[in-house]
Amino acid sequence: MTARSVALPSNIWPPLIAALLLVGMWQGLASLTEGMFVFAGPVEVLGAIAGEGSLLLRSAGVTLQSAALGFAIGNGMAVVLAGLALALPRLERLISGLALVFFCLPFVATGPVLRVIFGVGEGPQVTLAALATYYTTYLCLLVGLRATPASWLDLVRSYGRGRFSELIHVRASASLPYFIAGLQIGAPAAFLGAMVGEFTGAERGLGVLSIRAMRGLEVDMTWAIATIAAAISAVAFWFFGWLGRRLGAGPPPLLLSPRREERKSLGFGALDLTLVVIAVLGLWIGLMQAFNLSPFFAKRPQDVLSFLVADAANRDVLLDAFWQTMSLTVPGYLAGLALGAGLAVVLVTQPRLAAAALPLAIALRSIPIVTTAPLFVLALGRGPAGTITIVAVMIFFPTLAACLEGMRRTPKAVLDLFATYAASPMQRLIHAQLPAMAPAFLASTRMAVPSALLAATTAEWLATGTGMGSLMALTASTSNYNLLWSAIMVLAVTASLLYALVRLLERHVLKTFASEQLAT
Amino acid sequence: MPDPLASRPPRVSCDGVEKTFWLGGDAIAAVGPLDVVFEPGKTTALVGPSGCGKSTLLRLIAGIETPSEGAITIGGATPAEVTKAAGLAFAFQDAALLPWLTVRQNVALAFKLARRAPDARRVSDLIDLVGLKQFADARPAELSGGMRQRAAIARCLVTEPGLLLLDEPFGAVDELTRTRLNAELPALWQERGTTTLLVTHSIAEAAALSDRILVFSPRPARIVGDFAGARHDPRARAGLIEAVAKALASEAELVS
Amino acid sequence: MTSFKLSRRSFVGAGLGTLGLAALSPRLLAQETKDVALQLSWLHSVQFGGSYIAKSKGYWSEAGLNVALNPGGPNAPVDPAVVTGQALIGISAADYASASVEQGAPFKIIGVAMQKNPFVIASLPDNPVNTPADLVGKKIGMALANTPVLQALCTINNVDINQIEIVPTQYDAAPLVAKQVDCLLCWQTDLPVAMAIQGVESVTMLMADHGYAVHSQTYIATEDSLANRRADLVAMMRGEVRGWNDYKADPKAAAALTLEMYPDQGLDLPTQELQAERQVPLMFSELTEANGFGWFTDETVAQNVETLGLLGRSVTPDLWDRSILEEVHA
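Basis of the calculations
- Within each chain, residue numbers correspond to sequence positions counted from 1 in written order.
- Chains carry letters from A onward and ligands carry numbers from 1 onward, assigned in written order.
- A pLDDT threshold of at least 70 governs which residues receive local features in this predicted model, and a stricter bar of 80 or more applies before side-chain atom pairs are shown or counted, although totals over entire chains, interfaces and linings include all residues.
- Note that the side-chain values use all heavy atoms of the structure and ignore hydrogens as well as water.
- By definition here, a salt bridge exists when the distance from a side-chain nitrogen of Lys or Arg to a carboxyl oxygen of Asp or Glu is within 4 Å.
- Numbered from the N terminus, helices here are DSSP runs of H or I no shorter than four residues, and strands are runs of E no shorter than two.
- Buried residues are those whose accessible area, probed at 1.4 Å on protein chains only, stays under 20% of the maximum for their type, while exposed residues exceed 50% and partly exposed ones sit between those limits.
- Strand pairing follows a simple DSSP-based rule, namely that at least 2 bridges must link the two strands.
- With strands facing away from the observer, any crossover in which the path from the first strand over the helix to the second runs clockwise is taken as right-handed.
- Note on patches: the residues involved have over 30% relative accessible area and no salt bridge, like charges join within 9 Å, and the nonpolar side chains Val, Leu, Ile, Met, Phe, Trp and Tyr join within 5 Å.
- Every accessible area reported is derived by Shrake-Rupley at a probe size of 1.4 Å, with residue values counting cover from the shown protein chains alone.
- Whether two residues are in contact is decided by their heavy atoms, any of which lying within 4.5 Å being enough.
- A quick way to say it: buried area is the sum, across both parts, of accessible area lost when two parts are put together, with a 1.4 Å probe.
- Expected helix span is computed as 1.5 Å times (number of residues minus one).
- Here, axes are lines fitted to C-alpha atoms. For helices the fit covers the stretch in contact, and angles between N-to-C directions go from 0 to 180 degrees.
- Definition used in this section: a nonpolar core is a set of buried Ala, Val, Leu, Ile, Met, Phe, Trp, Tyr and Cys residues joined via side-chain atoms within 4.5 Å.
- Looking at any residue, its pLDDT shows the predictor's confidence there, from 0 to 100.
- For this classification, under 35 degrees means roughly parallel, over 145 means roughly antiparallel, 65 to 115 means roughly perpendicular, and everything else is oblique.
- Whether a crossing is left-handed or right-handed is set by the direction in which the near helix is turned from the far one by less than a right angle, anticlockwise for left-handed and clockwise for right-handed.
- When residues are grouped by polarity, Ala, Val, Leu, Ile, Met, Phe, Trp, Tyr, Cys and Pro land in nonpolar, Asp, Glu, Lys and Arg in charged, and all others, Gly among them, in polar.
- Under this definition, polar contacts are N or O atom pairs within 3.5 Å; protein pairs additionally need one hydrogen-donor-capable and one acceptor-capable atom, and for neighbouring residues in sequence, both atoms have to be side-chain atoms.

A. Up close: the pattern of salt bridges. One pass over the full model with this rule turns up 22 salt bridges over all chains. As a salt-bridge pair, C:Asp246 and C:Lys57 come within 3.0 Å of each other at their nearest N and O atoms. Of this pair, C:Asp246 sits in helix H9 (residues 230-249) while C:Lys57 sits in the loop between helix H2 (49-56) and strand E2 (65-70), and the two are 189 residues apart along the sequence. For the pair C:Asp246 and C:Lys57, a shared accessibility class is recorded, and that class is buried. Where C:Lys179 meets C:Asp126, a salt bridge forms, and the shortest distance between an N and an O atom there is 3.3 Å. Residue C:Lys179 is found in the loop between helix H6 (174-177) and strand E8 (183-187), and its partner C:Asp126 is found in the loop between strand E5 (119-123) and strand E6 (139-142); the two are separated by 53 residues along the sequence. With respect to class, C:Lys179 is no different from C:Asp126; both count as exposed. Members of the salt-bridge network, linked through shared partners, are A:Lys412, A:Asp416, B:Arg59 and B:Glu65.

Spelled out as structure tokens, the structure:
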């Protein structure tokens, strides 16, 4: 998985100094750009927090409540799905495929639909928080439930106990570190989901305040909200790490024992694909019928099909927007991966710097995209640069954190071996640390696919007004729901296919670099 | 700088070597003080209770750790100079194979790390010698523990270092293979003229392979027994084994 | 026309009193109170001040209606809420409503809160846009989606749109303040107000003064409701009319009420007061003076149909239905 719990470095000075430097730079930038209504420095942010303290506290509380509920539901769903996948191995690929497709649904489009289904209240906030959380936890659990040394299972069987005991005594505890890792990734995502949910019409909350602040040119307030959201997300991240350590779950262990019996065919065959497509269509129609959703806005697959087939102009509108979005997503995605991995490599040759950077990277990656997107566009302008940067930043921090963590897991004995030949740092990097980083890097590459599309469409929606994000948001004024559902379909299919593609690549590489991690 | 490999095989000397680790504010003496000289071209077995600091001594000599007090010289050079010249090789207890490389690549890695042109022929020969011919293109995850240790030994020997540091190299090797390796490998390193330090649990192995056996005390490691080995004299082995075992047992009593 | 002149304090007292009454009324009038919803088009603000007055003064509860005011937002659906019956009435706009109708929504516009469309071209005083002709050679910041709006303004005023440089921006004032653009396409009642509160004076050219006739903040209801729930619609609209008439009499009080009812919205009083004041001329005209709040005529509808045509909407005067208002103002 991309994230693992990270123990507080025994020396807290490097991160502290780095944080102080960052705050200093932030304040400097804010002072330089004063009067442009772009940056607000730490001083202004503290001022805004002090001035509107009780309002911010109440609003954060409301959003946190939705996020926490959604987080609980999402992780509950993940546990159920992972349990099902384990109990019914034949259905695993179907479950995983469906889980992925639903995870790839764009927030911009699902939000309003959820609002119509739930009406007034917290329904959409909670649901989006759950949707933002469940998939990563599901993946972590799937790896975790399988990351059981064969000897442990043999031990249970040698006492004549069955699969249930196996699950309770061995698999559950073996998967705890992975579950914790899933919770850590999920916590900031849940908060983001709750904030986006508030955009669909909420009475109160941090999301509501952020819209108001952005529109009202209240730069101090906008930055204060971004800071609070980031702080809450970071605290949640650390909290679950701490909880994991309290429960005795260290970072998920790297298993180096062969597990051949789990390594059936690796491909996701045509049959699986067909099954997933049928299931998605079935759920699409079934859910709409079950909730009795009005055909005015809840378009069925057949509506979308006839919309796309009937008029070439419809396809053109969609494709234009699609390419526009992809032309920003792909460079941002690649840049984010390259910068994240690149900086990790630079940092690992400077261990002190790395100790400082890891906690910061983890804190910064928790900043919700809805609050940062407009800030970046403000700073970088509305051209492609702004959106590409947002996508890159969205991917940069998780990649950096995962790669640093991956390299930290270079086996100690291997490093000793290199020491006995007085190997140069470059040799150590090329022959030991980079290969050790590969699984973590590839996992980020995969998880970054939905994040990149989310970041791009969010930026387009909130800031630049171009591409798929804007197209979907515009449905509110045009009521062209066929177009909206076509866009949802195209984005979900794109994200799922790209994800699957990266996964294939990952498996291919993992076979070489870490066959033990091929559990999913 | 003098050539750190000028004397081959090298004499290894430890002068007042001490190693102290710090664990949460507590000083833990792991080694020494220790004064000992390992003669060139000789094989010395180090035996002692588990966790007594034998491995730490090897790591000090290999330059992985630096002594808290005293100095170590290898053929007149420091461990750092020797490692830079790839003058020593270390066989780790857990083999330390790179999981993403095949056996062949792992063995050949030693050439890369020693900054020398790889000798594919020699790599193959050594893989054959340790009995891994059929597994040359397997990855470590596909090997048993003993097979991994054999691959690690092949990697140590492939660059023909003047100093071999072997930390329980046969710990996980099965008895049959162990006997064969015990018969073949020492010949290999001894004919090339290699100073060898061998940490082992097996007194019989120590007696059969070495020119000298040092018995260590519980932590911090100090020499409490110094026996001539019985490498060339199979008939003397039984008596030697008994004497070493007795020395070890008295150390164990000291602990309890 | 009713006109209350109250100090803020007594107003608040009255407001709280009626709130108390409203809280009791479901029990007192259990048989007669009906839950209905009004779907707002945006987050709570004084933009809907008249509705807040109607609610707090009990104009709806008197008629046996318990009206929920559902907030909108940047990603909030209005039209679907009305189509699905979640809201009896929605606050939409003539252009949105006509698009929905084209997509098969069975809507009618039953009232018009904003007689004049609030779209303005906002610029800074040292480089002002006072007439559509001033747009030539300027950089305008706007959402690309609003290009038809600018196109319509240009067509009406014989300006070549190709001589205007459109810079795609989202909806905020920063690009103008930072002088990345010369002017912005925005609403009279939000970005210019925000700029003014931040101490940035701006020049605004109301597009409605230059022929852009699109009713905004319109009340929409389904044909089904018009046929079967007329009494509720009339009661809702009657409350709205009374609320907005109170609003006109004292916009500042409406701003204060907004903050009081929605303390968690992050609103500040000066902004709300300024916004409240600036939207009065958009909502009240000679037409409403003569016929009452929300009114429209065949003539204003015809102007709308024409402008909407320029926006690419094929719409007929059928979209407007004045029967509810006629009953309210009878």
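There's plenty left to go through after this.
B. Local environment of the pairing of strand E1 (residues 34-39) of chain C. Residues and elements named next belong to chain C. In terms of strand pairing, E1 meets E2 through 6 bridges, oriented parallel. From the neighbouring strand, Ala37 faces E2, where its bridge partner is Ala68. Following the chain from E1 across H2 to the adjacent parallel E2, one finds a crossover that is right-handed. Of the pairings in the sheet, the one linking E1 to strand E3 (residues 89-92) comprises 2 bridges and is parallel in character.

C. Representation of the pairing of strand E7 (residues 165-168) of chain C within the structure. Residue and element names in this part refer to chain C. In this structure, E6 lies alongside E7, joined through 4 bridges in parallel fashion. Looking across to E7, one finds that Met142 is bridged to Pro168. Read as a crossover between parallel neighbours, the route from E6 over helix H5 (residues 147-156) to E7 is right-handed.

D. Highlighting a nonpolar patch on the surface. Residues and elements named next belong to chain A. Together, Val80, Leu84, Leu88 and Leu91 make up a nonpolar patch on the protein surface, roughly 310 Å² of accessible area in all. Locating Leu84 in the fold gives a position in helix H3 (residues 53-87). A residue is classified by how much of its surface remains accessible, and Leu84, at 37% relative accessible area, is partly exposed.

E. Seen up close, the interface of chain B and chain A. Residue-level contacts link 27 residues of chain B with 24 residues of chain A. With both sides pooled, the region where chain B packs onto chain A buries about 2200 Å², and carbon together with sulfur makes up 63% of that total. If you sort the residues of chain B by the area they bury against chain A, B:Trp100, B:Leu113 and B:Ala141 come out on top, with a joint share of 32%. Summed over the shared surface of chain B and chain A, the number is 1 salt bridge. A salt bridge links B:Arg59 to A:Asp416; its shortest N-O distance comes to 2.8 Å.

F. Structural detail: H9(C). Compared with an ideal rise of 1.5 Å per residue, which puts 20 residues at 28 Å, H9(C) spans 29 Å between its outermost C-alpha atoms and is within 8% of the ideal. In terms of burial, H9(C) is a largely internal element, 14 of the 20 residues being buried.

G. Local environment of the interface of chain C and chain A. Facing the 48 residues of chain C at the interface are 48 residues of chain A. Across the interface of chain C and chain A, roughly 4100 Å² is buried in total on both sides, 57% from carbon and sulfur atoms. The tally of links from chain C across to chain A stands at 2 salt bridges. Secondary-structure elements contributing two or more residues to the side of chain C that touches chain A are E2, helix H3 (79-83), helix H4 (94-102), H6 and helix H7 (191-197) of chain C.

H. View of the sheet that holds strand E4 (residues 69-74) of chain B. All names here are of chain B. The sheet built from 3 strands is open, its strands ordered E2-E1-E4 with antiparallel pairing. Both edges of this open sheet fall to strand E2 (26-38) and E4, since each of them pairs with a single strand only. For this sheet the average axis-to-axis angle between neighbouring strands, irrespective of direction, equals 25°.

I. Spotlight on the nonpolar core. A:Tyr138 and C:Trp320 are the most contacted members of the largest nonpolar core, which totals 180 residues. In contact with C:Trp320, other than residues within four places in its own chain, are C:Ala94, C:Ile109, C:Val112, C:His215, C:Phe296, C:Val301, C:Asn304, C:Val305, C:Leu308 and C:Val315. Ranked by size, the runner-up nonpolar core spans 79 residues in total, among them B:Cys14, B:Cys52, B:Leu98 and B:Ala136.

J. Highlighting the environment of A:Trp26. All names here are of chain A. Mapped onto the elements, Trp26 comes out in helix H1 (residues 13-32). For Trp26 and Tyr481, which are 455 residues apart along the polypeptide, the C-alpha to C-alpha distance reads 42 Å. When sequence neighbours within four positions are dropped, the list of residues in contact with Trp26 reads Ala40, Gly41, Pro42, Val45, Trp223 and Thr227.

K. Structural detail: the confidence of the model for chain B. Of the residues in chain B, 96% have a pLDDT of 70 or more, and the chain-wide mean is 84. In the model output, the complex is listed with pTM 0.79 alongside ipTM 0.83.

L. Just the environment of C:Ile166, in detail. All names here are of chain C. Position of Ile166 among the secondary structure elements: in strand E7. In this structure, the C-alpha to C-alpha distance between Ile166 and Met207, residues 41 residues apart in sequence, is 17 Å. Once you skip the residues sitting within four places of it in the chain, Ile166 turns out to touch Ile140, Met142, Leu144, Thr147 and Leu150.

M. Geometry of the packing of helix H4 (residues 92-103) of chain A against helix H11 (residues 270-290) of chain A. Residues and elements named next belong to chain A. Across the interface, H4 lies against H11 with an axial gap of 9 Å and an inter-helix angle of 55°. With respect to H11, the axis of H4 lies oblique. Here H4 and H11 pass one another in a crossing that is right-handed. Residues Arg93, Leu94, Gly97, Leu98, Val101 and Phe102 of H4 lie in contact with H11, whose contacting residues are Asp272, Leu275, Val276, Ala279, Val280, Leu283 and Leu287. Residues belonging to the contact of H4 with H11 are distributed by class as follows: 10 nonpolar, 1 polar and 2 charged.

N. Structural detail: the environment of C:Lys108. All names here are of chain C. Relative to the elements of secondary structure, Lys108 occurs in strand E4 (residues 107-114). Along the sequence, Lys108 and Leu319 sit 211 residues apart, while their C-alpha atoms lie 5.1 Å from each other. Setting aside chain neighbours within four positions, we find Lys108 in contact with Tyr219, Ile220, Ala221, Glu223, Leu226, Asp318, Leu319 and Asp321. There is a polar contact of 2.7 Å between the side chain of Lys108 and the backbone oxygen of Asp318.

O. Structural detail: the packing of helix H5 (residues 145-158) of chain B against helix H6 (residues 175-191) of chain B. All names here are of chain B. Between H5 and H6, whose axes approach to 12 Å, the crossing angle comes to 5°. In this view, H5 runs roughly parallel relative to H6, as classed from their interaxial angle. Residues Arg150, Ile153 and Leu157 of H5 pack against Thr177, Leu181, Leu185, Leu188 and Trp189 of H6. For the contact of H5 with H6, the class distribution of residues is 6 nonpolar, 1 polar and 1 charged.

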